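What the coordinates show
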Amino acid sequence: MGSVRTRYAPSPTGYLHVGGAWSAFFGWLFARHHGGAFILRIEDTDRSRSTQAYEAAILEDFRWLGLRWDEGPDVGGPVGPYRQTERAPLYARYAQELVARGAAYPCYCTPQELDAERKAAEAARRPHRYSGRCRALTDAQRAAFEAEGRRPSLRVRVAEGAEPIVIDDLIRGRVVFDPEHLDDYIIVRSDGTPLYNFANVVDDHLMGITHVIRGSEHLSNTPKQFVMYRALGWEPPAVAHHPTILGADRKKLSKRHGDTALRDYRDQGFLPEAMLNFFALMAWHPEAEREVYSIDELIRGFRIEDVGAASPIFDLEKLTWLNGVYMRRLLEADPDRVVELCEGILRRAGLPVAEDAAGRRYLRGVIDVVGERLKVGRDIVVYGDFFFRDVVFDTGAVAQYLKPQAAPLLAAYADALAALGPFERGGIERALREVCARAGVDARALVHPARVALTGKTAGPGLFELIEVLGRERAVARLRRGAAMAAGEGVEGP
RNA sequence: GCCCCCAUCGUCUAGCCUGGCCCAGGACGCCGGUCUUUCAAGCCGGUAACGCGGGUUCGAAUCCCGCUGGGGGCACCA
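Here's what I pulled together on the structure shown here. (Residues numbered from 1 in each chain as written. Chains lettered and ligands numbered in written order. Predicted model: local features only at pLDDT ≥ 70, side-chain atom pairs only at ≥ 80, totals over all residues. Heavy atoms only, no water.)

Observations regarding unusual backbone geometry
Note the cut-off: Counting from the N terminus, the helices are DSSP H or I runs at least four residues long and the strands are E runs at least two residues long.
Residue Pro 81 follows Gly 80 across a cis peptide bond; omega there is -5°. Secondary-structure assignment places Pro 81 in the loop between helix H2 (52-65) and helix H3 (88-100). We note that Arg 250 has phi near 65°; this positive angle belongs to a residue other than glycine. On the secondary structure map, Arg 250 appears in the loop between strand S9 (238-242) and helix H8 (262-268). Phi is positive for Ala 283, which is not a glycine, with a value near 65°. By the secondary structure assignment, Ala 283 is in the loop between helix H9 (272-279) and helix H10 (295-301).

If you want it as structure tokens, here you go:
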């Protein structure tokens with residue numbers, strides 16, 4: 001398959017959904033595996049819901065994810081344009097063709113009339129089907145409707161008694177549809193704009209798409225589309241319908257399950273590499289006993305027929321774990337990227353870091369001590385907020401550790417740090433041990449209270465490196481305040 | 001209601017096509033232990049599944065049928 005061409009065709013009616021990104025990823029993997037082309041096509045025929053801003057956002061989301069397209073609305077390509085609203089003449093032409101071949105006919109029913117029919121059928125608890133009353137209109141009848149000012153929509157004529165439509169789905173195997181259950185469906189609105197099922201067929205064919213990889217919600221559209229391929233004398237593409245991602249309640253993933261837009265994950269500090277790796281673990285699994293894969297490994301190992309047909313549930317905990325794996329690797333390989341990631345997150349959380357070299361150095365120091373604890377970028381705020389603002393005390397931590405007996409130790413340690421020579425972790429640790437030795441207590445008797453005084457929490461980075469990064473001045477001040485709090489002096493912030 | 005799809009640990013999955021190697025493997029989570037100034041990470045151990053019922057077969061997670069459960073579709077949305 002040297003000339004594989006796949007596409008992802010989003011509607012710019014919202015941000016890129018994780019389900020959409022996952023779907024696109026499989027199409028992209030398939031194309032890359034076969035050395036083919038991956039195409040981005042914007043399906044904006046529903047003008048009331050589509051916006052230019054969403055289109056731009058979707059492109060941005062894909063760039064962030066790291067999926068590059070070979071042809072698309074921004075880069076163009078040999079079979080453009082890649083935006084459906086710009087392809088109107090093409091749809092008009094093939095709509096004409098369908099009418100000329102007797103495979104489509106104008107329907108003068110208004111949406112209100114159709115709606116009434118549908119409601120009547122529902123009320124009678126009878127399956128709703130199109131009445132077919134415009135199917136065999138005479139020229140005179142059509143002229144009469146036109147004279148009334150009615151603008152027709154265009155319907156495809158599904159031949160009666162036609163052969164079953166056989167779809168050999170790459171994921172689901174053979175699926176057979178009886179055309180008996182297909183209605184004459186509308187392919188062009190009365191305003192002349194094409195509907196999904198029609199535009200999709202025209203575009204996929206004209207763009208030379210060889211493999212249509214999409215969600216299973218489109219499986220029942222496929223026979224409708226195949227009717228048109230047949231009517232136009234076109235060879236339909238191979239199709240593969242992957243399952244849809246579900247939420248924890250086994251319902252289609254939606255807002256009530258949490259974040260659904262890919263950019264929500266970006267904003268929380270998930271890494272694109274981790275997202276992609278995670279995507280590869282839903283409905284697919286490259287190897288039986290391994291979880292972490294490079295993109296190249298995924299491309300090499302991708303087989304559409306190995307994609308499962310059952311719907312996976314979006315497992316945020318596993319994604320979080322996987323992201324942690326990637327964060328730790330990144331910390332080794334390219335710590336600057338972690339710094340950059342955290343900088344953005346801190347700024348958005350209202351804890352900005354100075355943009356000069358000193359600010360950057362400070363943040364780098366913070367990342368050095370908390371970095372390996374970060375599973376997701378936003379963890380910098382939960383584990384390291386005290387580096388960027390005054391301590392926010394956890395009341396439980398204060399109650400547990402800032403007790404009167406800790407007061408003299410904290411005060412003595414503050415004095416020791418104030419008098420310490422070079423302010424580095426080795427000396428900082430020795431100073432603590434000396435204070436404890438002199439008082440005849442175990443190091444823990446000071447370590448825990450000191451942590452609470454300095455960070456407000458019971459958990460966090462190593463105490464001595466944390467103090468080094470915090471700097472002498474702040475550490476001493478916070479320890480003194482802690483001593484006062486422990487002594488029961490009810491101190492306010494410094 | 002009609003059409004279509006799906007069904008292995010709580011979750012993601014391997015195994016299913018080409019029955020025996022599976023009293024079902026890995027991972028996340030959870031629980032314990034270990035390391036440690038805490039937490040995270042790491043390491044060690046544990047927990048937990050073939051939806052149900054019939055066949056076929058010497059033998060079924062694997063093949064067949066039915067049921068149940070879940071999902072999707074049935075728009076002048078995509």
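Concerning the packing of aromatic side chains
Note the following rule: Pairing of aromatic rings covers Phe, Tyr and the six-membered ring of Trp, with a centre-to-centre limit of 6.5 Å; geometry is then stacked below 30 degrees between planes, edge-to-face above 60, and tilted otherwise. Only protein chains enter the accessibility calculation, which uses a 1.4 Å probe; a residue whose area is less than 20% of its type maximum is buried, one above 50% is exposed, and one in between is partly exposed. Counting as a charge over the ring demands two things of the Lys NZ or Arg CZ atom: a distance within 6 Å of the ring centre and an angle within 35 degrees of the ring normal.
Counting across every chain of the model gives 21 aromatic pairs. Taking 5.1 Å as the distance between ring centres and 15° as the angle between the ring planes, the aromatic pair formed by Tyr 108 and Phe 145 counts as stacked. On the criterion of sequence distance, the pair formed by Tyr 108 in the loop between strand S3 (104-107) and helix H4 (111-123) and Phe 145 in helix H5 (residues 139-147) is long-range, its members being 37 residues apart. Given the relative accessible area of 4%, Tyr 108 is considered buried. Judged by its relative accessible area of 21%, Phe 145 falls in the partly exposed class. Cluster of aromatic residues (ring-pair linked, three or more members): Trp 22, Phe 25, Phe 26, Trp 28, Phe 279, Trp 284 and Phe 302. When the ring centre of Tyr 130 is taken as origin, the NZ or CZ atom of Arg 155, which lies over that ring, is 3.4 Å away.

What to know about helix H17 (residues 425-439)
This is how it is decided: Given the number of residues in a helix, its expected span is that number minus one, multiplied by 1.5 Å. Contacts are assigned to residue pairs that have any heavy atoms within 4.5 Å of one another. For the purposes of these results, a polar contact is taken to be a pair of N or O atoms within 3.5 Å, where, inside protein, one atom must be able to donate a hydrogen and its partner to accept one; residues adjacent in sequence count only when each atom of the pair is a side-chain atom.
With 15 residues, H17 extends 21 Å from end C-alpha to end C-alpha; this agrees with the ideal 21 Å at 1.5 Å per step. Residues of H17 that are buried include every one of Gly 427, Ile 428, Ala 431, Leu 432, Val 435 and Cys 436, and no others. Its buried side turned inward, H17 meets helix H16 (407-419), helix H18 (444-455) and helix H19 (463-470). Capping the start of H17, Glu 424 holds a side-chain oxygen 2.9 Å from the backbone nitrogen of Gly 426, two or three residues further along.

A few points about the side chain of Asp 203
Here Asp 203 lies in helix H6 (residues 196-206). Asp 203 sits in the buried class, given a relative accessible area of 0%. A polar atom in the side chain of Asp 203 sits 2.7 Å from the side chain of Gln 84. Contacts of Asp 203, omitting those with residues within four sequence positions, involve Arg 41, Gln 84, Arg 87 and Tyr 91.

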